[in-house]
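# Structural features, examined
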Amino acid sequence: MTKFIFVTGGVLSSLGKGIAAASLGALLEARGLKVTLMKMDPYLNVDPGTMSPFQHGEVFVTDDGAETDLDLGHYERFTSVPTTKNHTITTGRIYNTVIQKERRGDYLGKTVQVIPHITDEIKATVKKVAKGVDVVLVEIGGTVGDIESQPFLEAIRQFKLEVGYGNAINMHLTYVPYIKAAGELKSKPTQHSVKELRALGIQPDVLLCRAEQEIPRSLKDKIALFCSVTPDAVFTAKDADTIYQVPMNLHAEGLDAKVAALLNLPDAQPDLSRWNDLLHRIRNPKGSVRIAIVGKYVEFKESYKSLTEALHHAGYGLETQVDLKWVEGEEIDANNAASKLSDCHGVLVPGGFGVRGTQGMIEAVKYARENRIPFFGICLGMQMASVEFARNVAGLEGADSTEFEENAKHRIIFKLRELVDVEELGGTMRLGAYPCVLKGDSYAAVAYGSTEISERHRHRYEFNQAEFRKPLEDKGLAFTGMSPDGTFVEIVEIHDHPYYLGCQFHPEFKSKPLDPHPLFTSFVKASIEHKA
């Protein structure tokens, strides 16, 4: 029978529930178990697709085109789990589904209520991802005590009763602050958080206590006593210098062994050899390289979570420390591009939406192209590279994207044909995995070791190849990746350049620490060679 682990958080947000859940998933997977993870977010948005990156951080995209919370990125990076639209739900999506059912008459005239209709719908989503796996880890977003998360907490209370003893546990992540003036770790916030949880009918089976330092046995015993858990079920989640240390820390604490015992899972030792090798590479780099990220949301780096992780993954594989220099697109112009970028060995322009900062991105692309610095453009970065090439190499004055200038003289980038006259923003994009065919002699084909790939997309605009492919090709821009039917331009390159590649898709979503993405590896490798 499938086992379930419900992960809640208390005291305050940003404690790392996603990392904790992903790390436990990695440990259980290393024990030979088949796991999956899902996220429940309490906000009323149907998905985070229309939310500001400054508020919500990155929107992670799955193969089937779901726009999701960035925690799903952690799930995929730490485990072999391929997440889907079924691995993420929000209050908005649940209520939307229930209201649609009510309008169709599915409830046969009953009064539709939070209990049982909303809670039943939540439970049904958990069961949907449970097929064919040994363990399902379910992270409930937000903090215990938030009014919007109460239906989810009620649903998991019911769920645990329904599946029976030994088949589901509650793991609660709390905060144990260190008060410098007193020189003590304090357990009171954890006690109050568990009290709040128990008031909702949920007794935690495992307490994971986030702290700056190791929590002594005496304090663990005190927490266990006041929170009604066994002393061997209180664990330290100590701050780590890299998130990839967390699985090892939790294993050293004995978390996976305790969870396995509570769920009657086989008592097998996890094979953590690959994780140990990864940590050795992280801590013992043979060199370093500096990459400039010229973006729109650099003041809130969570907006580029998968991107930064993918760059670091490439560095780990090449035994090189990747140092990132964040450059705000709005702050670059023709006069200062050199001073902003000359100390970097590679330039990356990532995705984004809207006109703000795009002229600075174009100047960054120009600087990298003219000074033969390795360049990597992703989504909007690829589009800005195409515009820069059109303006400054092909001589097409006024070249632009219709996203920024509807009546551009040369519409290098324009709206996807099927989205013309579509005004809604939510879910109206080219989303999810699409195949791509590569030219055999391209940088991309060499990196992938294949001419057929599949990558994830999230964009509304495309390259206007009907009008501008030939003029740009004649000037040296190579179109090396296309959709199989030839409709969409996926990759552009300049071969008379040490490394210049722009892709319409988002390769960062498929990079893992134990399996770096080939395009990031080839870009970082080129940057290392440029430094040399």
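Description of the structure in this document. It should be emphasised that the depicted structure is a prediction, and the values quoted were computed from it without experimental measurement.

In this section: the nonpolar core. Nonpolar side chains in soluble globular proteins generally cluster together in the buried interior. By size, the foremost hydrophobic cluster in this structure holds 46 residues, and its most contacted members are Ile5, Leu208 and Leu255. The biggest single contributor to this core is helix H1 (residues 17-30), with 9 residues. Not counting residues up to four positions away in its chain, the partners in contact with Leu255 are Leu24, Met171, Val206, Leu208, Phe235 and Leu250. Listed in part, the 41 residues of the second largest apolar core include Met382, Ala390, Phe468 and Met482.

Once that is clear, we can look at the pattern of salt bridges. A complete count under the given rule lists 37 salt bridges for this structure. Here Glu319 makes a salt bridge to Lys286, at a shortest N to O gap of 3.4 Å. Residue Glu319 is located in the loop between helix H12 (305-317) and strand E13 (320-328), and its partner Lys286 is located in the loop between helix H11 (273-283) and strand E12 (287-295); the two are separated by 33 residues in the primary sequence. According to the relative accessible area criterion, Glu319 is partly exposed, its value standing at 23%. Take Lys286: its relative accessible area is 69%, and that puts it in the exposed class. Salt bridges sharing partners connect three or more residues here, namely Lys39, Asp41, Asp69, Asp71 and Glu139.

As summarised here, the arrangement of the 9 strands in space is E13-E12-E14-E15-E23-E22-E21-E18-E19, forming an open sheet in which the pairing is mixed. At either margin of the open sheet sits one strand with a lone partner, and together these are E13 and strand E19 (452-459). Here the strands of the sheet are splayed against their neighbours by 25° on average, with no regard to which way each runs. Examined bridge by bridge, E12 and strand E14 (residues 346-349) share 3 bridges and lie parallel to one another. Bridged to Ile293 within E14 is Leu348.

On to the side chain of His117. Structurally, His117 is set in helix H5 (residues 114-129). At 3.0 Å, the side chain of His117 forms a polar contact with the backbone nitrogen of Gln113. In this structure, His117 is in contact with Val98, Tyr107, Thr111 and Val112, ignoring residues within four places of it in sequence.

For the rest of this paragraph, the subject is helix H10 (residues 255-262). For H10, the set of buried residues is Leu255, Asp256, Lys258, Val259 and Ala260. Here the buried face of H10 lies against strand E1 (3-9), H1, strand E7 (168-175), strand E10 (206-211), strand E11 (234-238) and helix H9 (246-253). Looking one or two residues beyond H10, the residue adopting positive phi is Asn264, at roughly 55°.

Once that is clear, we can look at the sheet that holds strand E6 (residues 135-140). Note: strands within a sheet are paired through backbone hydrogen bonds, in either parallel or antiparallel orientation. Pairing is parallel across the open sheet formed by 7 strands, whose spatial order is E5-E2-E6-E1-E7-E10-E11. Two strands lie at the open edges of the sheet, namely strand E5 (88-90) and E11, each paired on one side alone. Strand-to-strand, the axes of this sheet are offset by a mean angle of 20°, without reference to chain direction. With 6 bridges joining them, E1 and E7 adopt parallel strand pairing. Bridging across to E7, Phe6 finds its partner in Asn170. Its contacts with the sheet place helix H6 (residues 150-163) against E1, strand E2 (35-41), E5, E6 and E7, and it is angled at close to 155° to E1.

What follows covers the pairing of E6. Each regular strand displays side chains that alternate between the two surfaces of the sheet. Across the 6 residues of E6, 6 count as buried, placing the element largely inside the fold. Here E6 shows two buried faces, one formed by Val135, Leu137 and Glu139 and the other by Val136, Val138 and Ile140. Pairing between E1 and E6: 5 bridges, direction parallel. Bridge pairing in E6 places Phe6 opposite Val138. The pairing of E2 with E6 spans 6 bridges and is classified as parallel. Residue Met38 lies in a different strand from E6, and its bridge partner there is Val138.

Our focus in this paragraph is the packing of aromatic side chains. Two aromatic rings are characterised by how far apart their centres lie and by the angle between their planes. All told, the structure shown has 16 aromatic pairs when counted by the stated rule. Ring centres of Phe4 and Phe159 lie 4.7 Å apart, and the angle between their planes is 70°; this geometry places the pair in the edge-to-face category. Linking Phe4 in strand E1 with Phe159 in helix H6, this pair joins segments that are 155 residues apart in sequence. In this pair, the class of Phe4 matches that of Phe159, namely buried. Judged by centre distance (6.2 Å) and plane angle (85°), the rings of Tyr244 and Tyr316 are edge-to-face. One end of the pair, Tyr244, is in the loop between E11 and H9; the other, Tyr316, is in helix H12, and 72 residues separate them in sequence. Classification of Tyr244 as buried rests on a relative accessible area of 0%. With a relative accessible area of 13%, Tyr316 lands in the buried category.

Now for unusual backbone geometry. Residue Pro116 follows Ile115 across a cis peptide bond; omega there is 15°. Checked against the element boundaries, Pro116 lands in helix H5. Here the phi dihedral of Ser228 falls at roughly 60°; this positive angle occurs in a residue that is not glycine. Inspection of the secondary structure assignment puts Ser228 in the loop between helix H8 (217-227) and E11. Judged by its relative accessible area of 41%, Ser228 is partly exposed. One non-glycine residue, Cys379, lies in the positive phi region at around 60°.

What counts as what
- Residues numbered from 1 in each chain as written.
- Predicted model: local features only at pLDDT ≥ 70, side-chain atom pairs only at ≥ 80, totals over all residues.
- Heavy atoms only, no water.
- Core = buried A, V, L, I, M, F, W, Y, C linked by side-chain atoms within 4.5 Å.
- Buried < 20%, exposed > 50% of the residue type's maximum accessible area, 1.4 Å probe, protein only.
- Helix = DSSP H or I, 4+ residues; strand = E, 2+ residues; numbered from the N terminus.
- Contact = heavy atoms within 4.5 Å.
- Salt bridge = Lys/Arg side-chain N within 4 Å of Asp/Glu carboxyl O.
- Pairing = 2+ DSSP bridges.
- Axes fitted to C-alpha atoms, helices over the stretch in contact; angles between N-to-C directions.
- Polar contact = N/O pair within 3.5 Å; in protein donor to acceptor, adjacent residues only side chain to side chain.
- Phe/Tyr/Trp six-rings, centres within 6.5 Å; stacked < 30°, edge-to-face > 60°.

Don't take any of this as a statement about function, it's just geometry.
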